[in-house]
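Fold and contact review
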Amino acid sequence: MTDRPQNKDAANSMWGGRFAAGPDAIMEAINASIGFDRRLYAQDIRGSRAHAAMLAAQGIISDSDAKAIGEGLLTVLSEIEAGDFPFRTALEDIHMNVEARLKEIIGEPAGRLHTGRSRNDQVATDFRLWVRDQCDAAIEGLQALIRAALSQAEAGADWVMPGFTHLQTAQPVTWGHHMMAYVEMFGRDLSRFQDARARMNESPLGAAALAGTGYPIDRDATARALGFDRPMANSLDAVSDRDFALEFLSAASICAVHLSRLAEELVIWSSAQFRFVSMSDKWSTGSSIMPQKRNPDAAELIRAKIGRILGATVALFTVMKGLPLAYSKDMQEDKEQVFDAADNLMLALAAMAGMLSDLTANRDKMEAAASAGFSTATDLADWLVREAGLPFRDAHHVTGSLVALAESKGVDLSDLTLAQMKSVHDAITDDIFGVLGVHNSVASRQSYGGTAPDQVRAQITRWKEKLA
Ligand code: ARG
């Protein structure tokens, strides 16, 4: 098995003392993470600067070395940002790429940076900082989306549409009420990212390889410098858990489910058979063969994003399951999953916010649909309970007979004559027509959280105050 090409630079410069030969080319390929973990460069440099400053403050390295390291790292940062940093696969990952380049720039002091630290606490720190930023991005994205849904709700707080169960017309609701249902869901998503952020905001830095270090480091100082609330209390835990990433992915998955359901409704509502909404040109595509087509591609893609986001979540759970403490290289497989899930979640949030902002709800279409399908049958039954004193079960039965009668005549409930109604139940009077309109129906549902426009407006006000 020695006939594969080997890396020509004999041993690795970071640990070469013990090795006579470089890695097999395939070993290098499976081992390297620089192809993706270069995304952590800013976090890596920030963490190293905090670490070097702390080492000097503690008298572990000299001030002049710390100064050279701090400045050299800024040079590395600008090289990466300018796109002329020499990323090298042989150097495996972002941590060793940065450190090796630092050595080329500042020489000997670079070798002192890794004192009292390991790549294990380094990567845990970098990745926490990165995921923490993504929580902030998700929170921002959700706020924008909630604002877009709130504007829709406000414009149509009393626009009537059919409410569905089993996708069968059930009872009339308002457009505002339907939009506010999503505001509640996205609001819980937002708080999940806030909770996850608060829990992950502890610093692994200084846990070193796994057991802590004999150097007199100051973990509170580095935690503070990196915006963490405190250092993590157990060094084994600090380097070996990725629950913060799992929490982020879990929150992202739940959020993606909500996005997917709204996307599905937009797909249905924009179809020729529904026409409850019209999507703006900005969020539609045409067909290369059927000139009449207007496809809701963005909504369909948002509907699909849950596939890869949940896939990433399952992948990382599976990687972490059964790993003994502390660090194992398996954990290098955490990053691509989280990167992909985060990128796609942010894109889906932005696309949904944009689509909702530019969406036109077709009030007349929705109202006409709300009146069809005997959607006020429950109101009729409730009238029989309230005004004629029937037990609800009997009222349900009588109403069922009235629906059957209307259906047989091909008319709506409100089109039956009083005489026809009385033929089913004698206690019915003219008053009953007052509850049959869809507007009466929604206005009557004043229970807290119900669809009455007053209730919907109260919720809109509460959310606007909450976001202000
Ligand atoms: N690239 C590695 C990762 O992402 C960094 C940590 C390597 N640690 C080690 N002991 N080999 O997990």
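Residues numbered from 1 in each chain as written. Predicted model: local features only at pLDDT ≥ 70, side-chain atom pairs only at ≥ 80, totals over all residues. Heavy atoms only, no water.

- Going by the annotation in an unreviewed UniProt entry, the name recorded for the chain is Argininosuccinate lyase, with Paracoccus amoyensis given as the source organism.
- You can read under Catalytic activity (unreviewed entry) in the UniProt record for the chain the words "2-(N(omega)-L-arginino)succinate = fumarate + L-arginine". (UniProt positions renumbered as here; feature names shortened; annotations may be inferred.)

**Thoughts on the overall build of the chain**
- On a plain count of helices and strands, the chain comes out with 19 helices and six strands.
- For the chain, whose C-alpha radius of gyration is 31 Å, the value lies well above the compact-globule estimate of 23 Å for 468 residues.
- With respect to the principal axes defined by its C-alpha atoms, the chain has extents near 100 × 50 × 40 Å.
- Put simply, the chain has 468 residues, and 49% of those count as buried. (Helix = DSSP H or I, 4+ residues; strand = E, 2+ residues; numbered from the N terminus. Rg over C-alpha atoms; globule rule 2.2 N^0.38 Å. Buried < 20%, exposed > 50% of the residue type's maximum accessible area, 1.4 Å probe, protein only.)

**A short note on the UniProt feature "domain: Fumarate lyase N-terminal" (unreviewed entry) in the chain**
- Summarizing the sequence annotation, UniProt attributes the feature "domain: Fumarate lyase N-terminal" (unreviewed entry) to residues 17-311 in the numbering used throughout.
- Taken end to end, residues 17-311 is 61% helix and 6% strand, and its two terminal C-alpha atoms sit 41 Å from one another.

**Some points on the site of the ligand**
- Neighbouring the ligand are S33, D37, D93, H95, R119, N120, V123, Y327, Q332 and K335.
- R119 is positioned with one of its side-chain polar atoms (N or O) 3.4 Å from a nitrogen atom of the ligand.
- One nitrogen or oxygen atom from the side chain of K335 is found 2.7 Å from an oxygen atom belonging to the ligand.
- Taking 340 Å² as the accessible area of the ligand by itself, protein coverage stands at 87%.
- Among the elements that take part in the shell around the ligand, helix α6 (residues 119-155) stands out by supplying three residues, more than any other. (Near = heavy atom within 4 Å. Polar contact = N/O pair within 3.5 Å; in protein donor to acceptor, adjacent residues only side chain to side chain. Areas by Shrake-Rupley, 256 points an atom, 1.4 Å probe, with all protein chains shown as cover.)

**Observations regarding a nonpolar patch on the surface**
- Together, L210, L236 and L325 line one region of the surface with nonpolar side chains, adding up to about 280 Å² of accessible area.
- Along the polypeptide, L236 turns up in helix α9 (residues 235-240). (Patch = residues over 30% accessible without salt bridge, like charges linked within 9 Å, V, L, I, M, F, W, Y side chains within 5 Å. Salt bridge = Lys/Arg side-chain N within 4 Å of Asp/Glu carboxyl O.)

**Considerations on the pattern of salt bridges**
- Summed over all chains, the structure comprises 25 salt bridges.
- Two residues, R101 and E79, come together in a salt bridge whose shortest N-O distance is 2.7 Å. Of the two residues, R101 sits in helix α5 (residues 94-106) while E79 sits in helix α4 (residues 63-82), which places them 22 residues apart along the sequence. The residues R101 and E79 share a single accessibility class, namely buried.
- Residue R199 is joined to E247 by a salt bridge in which the shortest nitrogen-to-oxygen separation is 2.7 Å. Taken together, the positions of R199 in helix α7 (residues 175-200) and E247 in helix α10 (residues 243-269) put the pair 48 residues apart, joining distant regions of the chain.
- Residue classification places E247 among the partly exposed residues on the basis of a relative accessible area of 26%.
- Ionic contacts of the salt-bridge type, sharing partners, join the residues E79, R88, R101 and E104 into one network.

**A look at the environment of W130**
- Checked against the element boundaries, W130 lands in helix α6.
- Judged by its relative accessible area of 5%, W130 is buried.
- In the structure, W130 is positioned 208 residues away from V338 in sequence and 9.9 Å away in space, judged by C-alpha atoms.
- Sequence-distant contacts of W130, that is, excluding residues within four places in its chain, are made with R39, L40, Q43, V338, F339 and A342. (Contact = heavy atoms within 4.5 Å.)

**Digging into empty space enclosed by the protein**
- Overall, the coordinates contain one cavity of 30 Å³ or more when judged by the stated rule.
- Approximately 40 Å³ is the volume attributed to the largest cavity.
- D44, G47, S48, R117, Q122, T125, D126 and L205 are the residues that line the largest cavity.
- Mapped by element, the contributors of at least two residues to the lining of the largest cavity are α3 (41-57) and α6.
- Here the residues of the lining of the largest cavity are counted per class, giving one nonpolar, four polar and three charged. (1 Å grid on protein atoms, 1.4 Å probe; cavity = no way out; pocket = protein on both sides within 12 Å on 5 of 7 lines; lining within 4 Å. Points joined across faces, edges and corners; volume = space filled by probe spheres on them. Nonpolar A, V, L, I, M, F, W, Y, C, P; charged D, E, K, R; others polar.)

**Quick notes on the UniProt feature "domain: Argininosuccinate lyase C-terminal" (unreviewed entry) in the chain**
- UniProt marks residues 374-443 with the feature "domain: Argininosuccinate lyase C-terminal" (unreviewed entry), using the numbering shown here.
- Secondary structure over residues 374-443 splits into 67% helix and 0% strand, and the C-alpha atoms at its two ends are 17 Å apart.

**Observations regarding the nonpolar core**
- W175, F193, L259 and L345 are the most contacted members of the largest nonpolar core, which totals 99 residues.
- If you tally residues by element for this core, the top one is α10, at 15 residues.
- Not counting residues up to four positions away in its chain, the partners in contact with L259 are L145, F186, I302, L345, A348, L349 and M352.
- Counting 19 residues, the second-largest nonpolar core is a separate cluster that includes F374, W383, L416 and I432. (Core = buried A, V, L, I, M, F, W, Y, C linked by side-chain atoms within 4.5 Å.)

**Re the packing of aromatic side chains**
- Taken as a whole, this structure holds nine aromatic pairs when the rule is applied.
- Between F127 and F339 the ring centres are 6.3 Å apart and the planes differ by 85 degrees, which places this aromatic pair in the edge-to-face class. Within this pair, whereas F127 is found in helix α6, its partner F339 is found in helix α12 (residues 334-357), the two being separated by 212 residues in sequence. Neither F127 nor F339 differs from the other in exposure class; each is buried.
- Relative to F248, the ring of F193 has its centre 5.6 Å away and its plane inclined at 55 degrees; by these criteria the two rings are tilted. Taken together, the positions of F193 in helix α7 and F248 in helix α10 put the pair 55 residues apart, joining distant regions of the chain. (Phe/Tyr/Trp six-rings, centres within 6.5 Å; stacked < 30°, edge-to-face > 60°.)

**Notes on the side chain of D189**
- Topologically, D189 is positioned in helix α7.
- When sequence neighbours within four positions are dropped, the list of residues in contact with D189 reads L142, I254, C255 and H258.

**Topic: the packing of α6 against helix α19 (residues 453-467)**
- Put simply, α6 and α19 touch, their axes get as near as 11 Å, and they point 150 degrees apart. Relative to α19, the element α6 is oriented roughly antiparallel. Taken as a pair, α6 and α19 cross one another with a handedness that is left-handed. Here α6 contributes Q143, I146, R147, L150, A153 and E154 to the contact with α19, which in turn contributes I460, W463, K464 and L467.
- Across the contact of α6 with α19, the residue classes break down as six nonpolar, one polar and three charged. (Axes fitted to C-alpha atoms, helices over the stretch in contact; angles between N-to-C directions. Parallel < 35°, antiparallel > 145°, perpendicular 65-115°, else oblique. Left-handed = near helix turned anticlockwise from the far one by under 90°.)

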